[in-house]
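Take a look at the letters that make up each chain.
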Amino acid sequence: MQAADDTLIIAGRSFASRLLMGTGKFASSQVLRAALAASGAELVTAALRRVDLANPQDDILSAIDPARHLLLPNTSGARDAEEAVRLARLARAAGCQAWVKLEVTPDPHHLMPDPVETLKAAELLVREGFTVLPYIHADPVLAKRLEEVGTATVMPLAAPIGTNRGLRTRDLLELIIAQARVPVVVDAGLGAPSHAAEALELGADAVLVNTAIAVAGDPPAMAAAFRLAVQAGRQAHLAGLGRSRPEASASSPLTGFLR
Amino acid sequence: MDGFAALHAAQPFDRVAARIQACTDADVERALGCPQPGADELAALLSPAAVPRLEELAQRAHALSLARFGRTVSLYAPLYLSNVCRNACVYCGFRADRPADTRTLTPAEARAEGEHLAAQGMRHLLLVAGEAPELVSQAYLGEVAARLRPLFASLSVEIQPLETEGYAALAAAGVDGLVVYQETYDPVQYAALHPRGPKSDMTYRLLTPERAGRAGLRRVGLGALLGLADVRAEAWFLGLHARHLMRHHWRSHLSLSFPRLRPSAGRFEPPRPATDRELVQLICALRLFLPDAGLVLSTREPPELRDRLVPLGITSMSAGSCTEPGGYGRRLRAGRAATPQFEVADLRSPAEVAAALKRQGYEAVWKDWDPGFMG
């Protein structure tokens, strides 16, 4: 398959870019706007706690161009299913599309997702007609359970959010990817374009990046680097990677005598 | 004794201060190499032995803060509801035995003050009152919260310590955060500086954040008033207090303040004033010890210093503050002045503070909470 024809499909909608972007931690809305443009991202998430949906001059919302980006409001900060569902409904009532990045993060210090409440909220939101993209631990069983209740993707974390540590959950991500029937978007902890490329090489359908771009010395340049890395990783995945080996394999010391 | 009070009692303040003084270069080196510093490492990072490594501490604190919080600083404003107080804190402008022009805002006056702040873009509000439960009652606070809630994304209180049920009632009224400063963790100084009134019970105050955590408040702010006792030991106890709360009340976000004592209307001379260098070391050490905690800076500090401290790990700042009840409206009308709690050193407006942050490459965040969470 040619990379040019290779679109990401989430809930029946096509996206040319496999890089999703978060909008927190930027030094200004101008920098955010430039980074968004350079990233080529089409799905862009913003925390409902952080934005003022009633204010068109909101620093984050004003940087998101509805012609180019689909705003994916997230429920970061929700302590339980009830709060997450309430926030999602408020966002829809305020005019957002019925897409939501479901985050139930009762631990405000590390923003670790609560698997129990996430599943509960996902079930309710799907029933209400939302397209639900849940942020989860790299838990293969939870990923299947969410898929069963009808979420549009699963979004397992690579490493604790904001740590830039890369694919710390690699073994579990491989299981999730191998079993998934919905797109797998690796979310949280990707600190360098090489991490994003690695996720795509593994077979992840997309990645979501925020901190690594927002706190870079030159955020738009870093966004462009992630765009290229995501393309390279995807292309490598499609091209079929050679198997990596733990040792050199030039000869056959144990079975050579058979010749 | 339970909770943090038990931990506090087991660590005599003077002994902690001496232990920090005795830390060596090797202790500092070890602490800097430790991926997750504990109590011993915090002592080393706060010690005089770490002073020659201050730039290295600052670099690390900056990098950690950038990764965790990005290039943003939340802004909030205090709204002083009342300067009536039954306590006699020796250092305070509101103390009970000092003749002062006392005033308690009516809920309608509080709303008017809130409107001035909202008009400047403020969305996070801290309601402050002296300890006078007969005036600043639960019913009064409920009414004030109800009037201010529609104007603000987040409402916190800095008022007399309450029982768990009191905090639960405030949460139900739409208050999401509590700020309570221990003032000093040194029991000897605490007793000397709080001779009368309900605040003289140090243990009750020490356990106040735990009651707020149990009541489910989303944000809990701690603080030590620097200048009353050994600064390094104060910071050590403050860090351990925060870590205790993070472990036991993990759903509440913790933030720390380290206000330096400034001359108040009572003209109190702080016995152990904290230098700028000590303040910087304390901020960096606490950031390395608690990478995810909020670090808060008030307008007690002058503008030039506030701007310099931001990159070290400050996540939240007050701006445009008035520390007297009714002060925001008075500023406009130039009317009657009530006694302020302390003199403000950073007189810049919220917009000027936001512009200064921008010049440093930081964005002022006006809204980082939503009443939608609370229903």
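Residues numbered from 1 in each chain as written. Chains lettered and ligands numbered in written order. Predicted model: local features only at pLDDT ≥ 70, side-chain atom pairs only at ≥ 80, totals over all residues. Heavy atoms only, no water.

*Asks:* Honestly, helix 1 (residues 29-39) of chain A in this entry has me stumped. Any pointers?
*Replies:* Since the α-helix turns once every 3.6 residues, residues separated by three or four places project in the same direction. Along helix 1 of chain A, the residues that are buried comprise Ser29, Leu32, Ala35, Leu36, Ala38 and Ser39 of chain A. Those residues of helix 1 of chain A that are buried are in contact with strand 3 (19-22), strand 4 (43-47), helix 7 (211-214) and helix 8 (219-239) of chain A together with strand 9 (363-365) of chain B. Gly40 of chain A, located one to two residues past helix 1 of chain A, shows a positive phi value of around 70°. (Buried < 20%, exposed > 50% of the residue type's maximum accessible area, 1.4 Å probe, protein only. Helix = DSSP H or I, 4+ residues; strand = E, 2+ residues; numbered from the N terminus. Contact = heavy atoms within 4.5 Å.)

*Asks:* Would you explain the confidence of the model for chain B in this entry?
*Replies:* This prediction gives chain B a mean pLDDT of 91; 94% of its residues lie at or above 70. The secondary structure element of chain B with the lowest average pLDDT is helix 15 (residues 327-333) of chain B, at 82, and the one with the highest is helix 2 (residues 13-21) of chain B, at 98. (pLDDT = per-residue confidence, 0-100.)

*Asks:* How should the packing of aromatic side chains be read in this particular structure?
*Replies:* Each aromatic ring pair is described using two quantities: the centre-to-centre distance and the angle formed by the ring planes. All names here are of chain B. Scanning the model with the defined rule gives seven aromatic pairs over all chains in all. Ring geometry for Phe4 against Tyr185: centres 6.4 Å apart, planes inclined by 90°, an arrangement best described as edge-to-face. Here Tyr185 lies in the loop between strand 4 (177-183) and helix 9 (187-193) and Phe4 lies in helix 1 (residues 3-9), a separation of 181 residues in the sequence. Summarising the burial analysis for this pair, Phe4 and Tyr185 share the class buried. Aromatic pair Trp236 and Phe237: ring centres 5.1 Å apart, planes at 90°, arrangement edge-to-face. Overall, Trp236 belongs to the buried group, its relative accessible area being 1%. A relative accessible area of 1% means that Phe237 is categorised as buried. Cluster of aromatic residues (ring-pair linked, three or more members): Phe4, Phe13, Tyr185, Trp236 and Phe237. (Phe/Tyr/Trp six-rings, centres within 6.5 Å; stacked < 30°, edge-to-face > 60°.)

*Asks:* Just to check I follow, could you spell out helix 2 of chain B for this structure?
*Replies:* Residue and element names in this part refer to chain B. For helix 2, the complete set of buried residues consists of Phe13, Val16, Ala17 and Ile20. Viewed end-on, helix 2 has its buried residues packed into an arc of 100°, placing them on one side of the element. Counted as exposed and oriented over 90 degrees from the buried face of helix 2: Asp14 and Arg15. (Arc of directions from axis to C-beta.)

*Asks:* Quick question: what am I supposed to make of the layout of surface pockets here?
*Replies:* Rolled over the atoms, a probe as big as a water molecule pinpoints where empty space is left. Taken as a whole, the second largest pocket holds about 360 Å³ of empty space. Surrounding the second largest pocket, 16 residues form its lining, Gln57 and Asp59 of chain A together with Glu363, Ala364 and Trp366 of chain B being those nearest its centre. Of all the secondary structure elements, the ones that give two or more residues to the lining of the second largest pocket are helix 16 (350-359) and strand 9 of chain B. Taken together, the residues of the lining of the second largest pocket sort by class into six nonpolar, two polar and eight charged. (1 Å grid on protein atoms, 1.4 Å probe; cavity = no way out; pocket = protein on both sides within 12 Å on 5 of 7 lines; lining within 4 Å. Points joined across faces, edges and corners; volume = space filled by probe spheres on them. Nonpolar A, V, L, I, M, F, W, Y, C, P; charged D, E, K, R; others polar.)

*Asks:* Please clarify how the environment of Arg30 of chain B should be interpreted in this entry.
*Replies:* Residues and elements named next belong to chain B. Checked against the element boundaries, Arg30 lands in helix 3 (residues 25-33). Given the relative accessible area of 54%, Arg30 is considered exposed. Separated by 88 residues in sequence, Arg30 and Ala118 have C-alpha atoms that sit 48 Å apart. In terms of polar contacts, Arg30 uses its side chain to reach the side chain of Asp27, at 2.6 Å. (Polar contact = N/O pair within 3.5 Å; in protein donor to acceptor, adjacent residues only side chain to side chain.)

*Asks:* I'm lost on the interface of chain A and chain B in this one. Help?
*Replies:* Think of interface size as the accessible area that goes away when the parts come together; that is how it is often given. Taken together, the contact pairs 32 residues of chain A with 33 residues of chain B. Taken together, both faces of the contact between chain A and chain B bury some 2,600 Å²; the carbon and sulfur share is 48%. By the criterion of area lost to chain B, the three top residues of chain A are Arg49, Arg79 and His109 of chain A, representing 29% of everything that side buries. At the boundary of chain A with chain B, the tally comes to four salt bridges. Arg49 of chain A serves as the salt-bridge partner of Asp368 of chain B, at 3.1 Å between the closest nitrogen and oxygen. Those elements that place two or more of their residues in the side of chain A that touches chain B are helix 1, helix 2 (81-93) and helix 7 of chain A. When residues of the side of chain A that touches chain B are assigned to their parent elements, the largest contribution, four residues, is made by helix 2 of chain A. (Buried area = accessible area lost by both parts, 1.4 Å probe. Salt bridge = Lys/Arg side-chain N within 4 Å of Asp/Glu carboxyl O.)

*Asks:* When you look at the pattern of salt bridges in this model, what are you seeing that I'm missing?
*Replies:* Side chains carrying opposite charge are able to pair once their charged atoms draw close together. Residue and element names in this part refer to chain B. If you walk through the whole model with that rule in mind, you get 40 salt bridges over all chains. The salt bridge involving Asp307 is made with Arg348; its shortest N-O contact spans 3.2 Å. Taken together, the residues span a long stretch of sequence, with Asp307 in helix 14 (residues 303-313) and Arg348 in the loop between helix 15 and helix 16 at a distance of 41 residues. On the basis of relative accessible area, Asp307 is assigned to the buried category, the value being 19%. Residue classification places Arg348 among the buried positions, given a relative accessible area of 13%. Sharing partners across several salt bridges, the network here consists of Glu29, Arg53, Glu56 and Arg60.

*Asks:* Can you help me understand the environment of Tyr91 of chain B in this one?
*Replies:* All names here are of chain B. Within the secondary structure, Tyr91 is located in the loop between strand 1 (72-82) and helix 6 (107-119). Sequence separation between Tyr91 and Ala67 is 24 residues, and the spatial gap between their C-alpha atoms is 38 Å. Within the structure, the side chain of Tyr91 is placed 2.6 Å from the side chain of His194, a separation counted as a polar contact. Side-chain polar atoms of Tyr91 contact the side chain of Lys199, separated by 3.5 Å.

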